[in-house]
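What follows is the residue order along each chain.
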Amino acid sequence: MRSRDRRLGMDRAISRRDFLSGVSVAIGASLLPACTRIGVPIVEGPSTHYPPAETGMRGSHPGSFEVAHATVQGQHWEAEKADEHYDLVVIGAGISGLSAAYIYRRDVNLNARILILDNHDDFGGHAKRNEFTIDGRTLLGLGGTMFIEASNSYPAVAKQVIHELGIDAERYSEFHHEGLFESLGVEERAVFFDRETFGADHLAFGEREYTGAFDESPLSGSAKEELKRLFADEEDYLAGMTPTERRAVLESHSWRDYLKSFAGIGDEALTYLQKWSHGVWAIGADALPAWMARLEGYPGFAGMDIGYADEEGAKESGGNFYYPDGNASVARLLVRKLVPGCAPGDSMEDIVMARFDYSKLDQETNATRIRLNSTVVGLSHQNGDLDGDVDVTYVSGNKGRTVTASKVVWAGYHAMLPHVCPDVPEDQAAAQGSSVRAPLVYTNVLVRNWRSFVNLGFWRAFCPGSFFHSVRVNRPVSIGDYHFPESPDEPVVLHLQHIPLAPGLPAPDQFRSGGRALLETSFETFERNVRDQLGRILGPGGFDPARDIAAITVNRWPHGYAYSINAESGDVAWMPKRWRHERRPWVDARQRIGNIAIANTDAASNAMTESAIEEAHRAVSELM
Ligand SMILES: Cc1cc2nc3c(=O)[nH]c(=O)nc-3n(C[C@H](O)[C@H](O)[C@H](O)COP(=O)(O)OP(=O)(O)OC[C@H]3O[C@@H](n4cnc5c(N)ncnc54)[C@H](O)[C@@H]3O)c2cc1C
């Protein structure tokens with residue numbers, strides 16, 4: 001082992017480094033024998049372990065995606081006929097699939113027999129819980145879907161479900177330790193300039209747009225001046241143009257190209273801005289349309305009117321709610337309602353520490369059963385009769401099984417449906433293929449204390465040139481029996497984000513390329529970057545990555561945010577409300593096929609929890 005690696009602690013025993021290191025394995029006709037040979041964990045039968053406590057490579061974890069990828073590449077699966085018939089089979093145990101089951105029971109048949117199938121070893125889809133145990137204490141991290149955003153503006157059906165689950169988003173201030181960081185003298189934010197990108201490692205304090213932060217930074221004088229001018233946001237860079245002309249400019253340029261061509265911002269300053277939009281849109285400035293940057297309130301548009309009549313399309317800000325495990329708590333609340341006895345408790349608070357018994361999820365005596373580690377590879381109406389029952393074939397632990405269903409909700413990814421369902425009409429299959437997914441990685445790092453943040457005086461950093469574009473101490477939230485570690489001498493979970501893209505390509509190609517790269521990036525690569533980046537940022541505050549890191553969980557999502565594209569132009573439906581093409585591919589894609597209805601955020605081209613619920617409601621309504 002190289003001495004640098006040893007200094008970083010790459011040889012330290014932390015909880016659990018994956019055997020396979022999360023490297024994608026060859027897929028294709030020889031998939032399963034190959035997997036077995038090299039040890040992809042293939043889980044058979046009901047789960048006896050406790051998935052939220054798994055560390056290492058999570059999200060699209062090894063063993064979860066190989067069957068799906070092989071199926072898309074044409075693999076055929078033998079299946080035995082199981083003697084199981086359900087009123088409803090739901091494919092996908094994300095928030096959309098779970099909501100579909102919940103709404104079906106509520107609105108169609110309380111006693112319905114329902115089977116929910118998912119390829120992961122945990123339910124929740126993107127809404128993923130990461131649990132850590134240290135010194136006898138449980139700490140939580142969010143592995144995906146982060147928060148209930150602006151629930152005040154949720155559509156009525158989603159509001160209703162959230163309400164029925166017992167969530168009162170208005171109570172967030174009761175649980176959030178407002179002022180904790182300030183009371184410890186910790187500034188809001190910092191910016192970490194890395195030497196590979198900017199010439200020297202440097203931690204600047206203040207918001208990422210705080211111009212004072214640039215003064216001491218390694219940026220060149222001209223880049224500092226450009227950024228200061230940009231953030232002052234006083235100049236009209238399109239002076240003399242009519243709103244229509246301005247609009248034409250913004251709709252035909254990326255934010256980066258706009259800033260370069262019209263605001264005179266040079267390459268170095270543009271590098272500083274490239275990852276500005278990573279956290280929210282999972283795309284960089286080079287492919288983020290300028291009109292979106294303006295709607296987001298990014299600098300460079302100084303009160304510009306571009307003739308949008310419905311400017312106030314923005315969401316109401318009220319009703320944000322952050323559970324310590326993100327919206328995994330929403331998924332857990334749904335499962336607790338669907339499968340009585342799988343977890344104790346009955347409130348929005350006690351869900352946070354409720355220990356789920358995964359062996360109870362798929363019991364014959366349950367009206368609703370959740371079957372994990374099961375990838376659906378076939379879906380067809382019996383004898384081609386669109387009014388008849390549906391055969392649902394899934395692969396679990398190397399074995400194919402077929403169950404039957406009166407009704408089906410597909411709450412998995414649209415792009416996969418034509419590969420498993422011969423009943424999808426050709427046009428609809430093309431529309432389903434117009435769905436692309438932005439890749440994201442949420443990494444949670446358990447550290448033994450967070451004293452170094454306090455010593456340095458910040459709790460969150462934007463890292464414009466680094467592997468992880470953001471690093472932060474988890475949001476300080478205590479709820480029910482879950483207590484955020486208020487003392488900086490206690491262990492805490494850090495949250496780091498990485499968006500793998502291929503800047504310079506059109507956005508859909510960046511997503512595809514990033515998704516592929518993600519499956520080929522080993523856990524060691526993530527771990528080395530975690531250790532290196534945290535060491536360089538926090539080292540001056542006393543942090544030692546070899547000593548202070550206790551566990552790492554990497555949640556990789558090659559199929560992350562849902563976006564539709566126009567097949568001819570490659571235009572992305574970033575905001576479906578502003579889609580300018582006549583046909584909306586996500587609407588064409590989600591049309592019911594006989595007894596199969598289609599949910600998931602793909603059906604709205606909107607990667608949001610409210611859409612996941614709303615599309616579930618629509619899908620169930622179509623089956624009624
Ligand atoms: C990193 C990240 C952060 C996010 N943060 C937020 C946030 O803060 N707020 C917000 O509102 N939204 C957020 N989102 C958007 C999120 O996608 C939605 O809110 C919601 O969780 C999506 O639910 P879903 O059920 O539609 O899809 P998913 O969560 O993707 O669930 C679909 C499930 O179906 C499974 N599946 C697919 N095909 C098959 C098959 N053939 N067989 C079996 N199972 C299959 C998938 O593997 C998956 O488990 C985030 C997304 C990501 C990736």
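To be clear, the structure that these remarks concern was listed above.
To start, this report covers the structure provided alongside it.

Calculation rules
- Residues numbered from 1 in each chain as written.
- Predicted model: local features only at pLDDT ≥ 70, side-chain atom pairs only at ≥ 80, totals over all residues.
- Heavy atoms only, no water.
- Pairing = 2+ DSSP bridges.
- Helix = DSSP H or I, 4+ residues; strand = E, 2+ residues; numbered from the N terminus.
- Axes fitted to C-alpha atoms, helices over the stretch in contact; angles between N-to-C directions.
- Contact = heavy atoms within 4.5 Å.
- Buried < 20%, exposed > 50% of the residue type's maximum accessible area, 1.4 Å probe, protein only.
- Salt bridge = Lys/Arg side-chain N within 4 Å of Asp/Glu carboxyl O.

Before going further, it helps to examine the sheet that holds strand β14 (residues 470–473). Through backbone hydrogen bonds, the strands of a sheet pair up, either in parallel or in antiparallel fashion. Spatially, 8 strands are ordered β1-β16-β12-β15-β14-β13-β6-β7 in an open sheet, and the strand pairing comes out mixed. Both edges of this open sheet fall to β1 (56–59) and β7 (202–205), since each of them pairs with a single strand only. Averaged over all adjacent pairs, the angle separating strand axes in this sheet is 25°, with direction ignored. In the sheet, strand β13 (residues 460–462) pairs with β14 via 3 bridges, with the strands oriented antiparallel. Looking at β14, one finds that Arg-460 is bridged to Arg-472. Running over the sheet, helix α20 (residues 507–520) touches β12 (435–447) and β16 (549–564) and is turned about 45° from β12.

With that out of the way, let us pick up the pairing of strand β15 (residues 492–498). Strand residues, when the strand is regular, have side chains that alternate between the two faces of the sheet. In terms of burial, β15 is a largely internal element, 7 of the 7 residues being buried. Side chains Val-492, Leu-494, Leu-496 and His-498 of β15 all project onto a buried face; the interleaved residues Val-493, His-495 and Gln-497 project onto the opposite face, where all are buried too. Both β12 and β15 contribute to a ladder of 7 bridges, which runs antiparallel. The residue of β15 that forms the bridge with Val-445 is Leu-494. Bridging between β14 and β15 involves 4 bridges; their strand directions are antiparallel. Bridge pairing links Ser-470 to Gln-497 in β15.

With that out of the way, let us pick up the pattern of salt bridges. Oppositely charged side chains may form a pair once their charged atoms are brought near each other. According to the stated counting rule, one finds 41 salt bridges in the structure shown. Ionic pairing is found between Arg-137 and Glu-490, a salt bridge with its closest N-O pair at 2.4 Å. You can see Arg-137 sitting in strand β5 (residues 137–142) and its partner Glu-490 sitting in the loop between β14 and β15, a full 353 residues away along the chain. For Glu-196, the salt bridge goes to Arg-536, with nearest N and O atoms at 2.7 Å. One end of the pair, Glu-196, is in helix α8 (residues 195–198); the other, Arg-536, is in helix α21 (residues 523–538), with 340 residues separating them in the sequence. Note on Glu-196: relative accessible area 56%, which makes it exposed. Owing to a relative accessible area of 17%, Arg-536 belongs among the buried residues under this scheme. Each of Arg-4, Arg-195, Glu-196, Asp-201, Asp-532 and Arg-536 takes part in a single network of salt bridges with overlapping partners.

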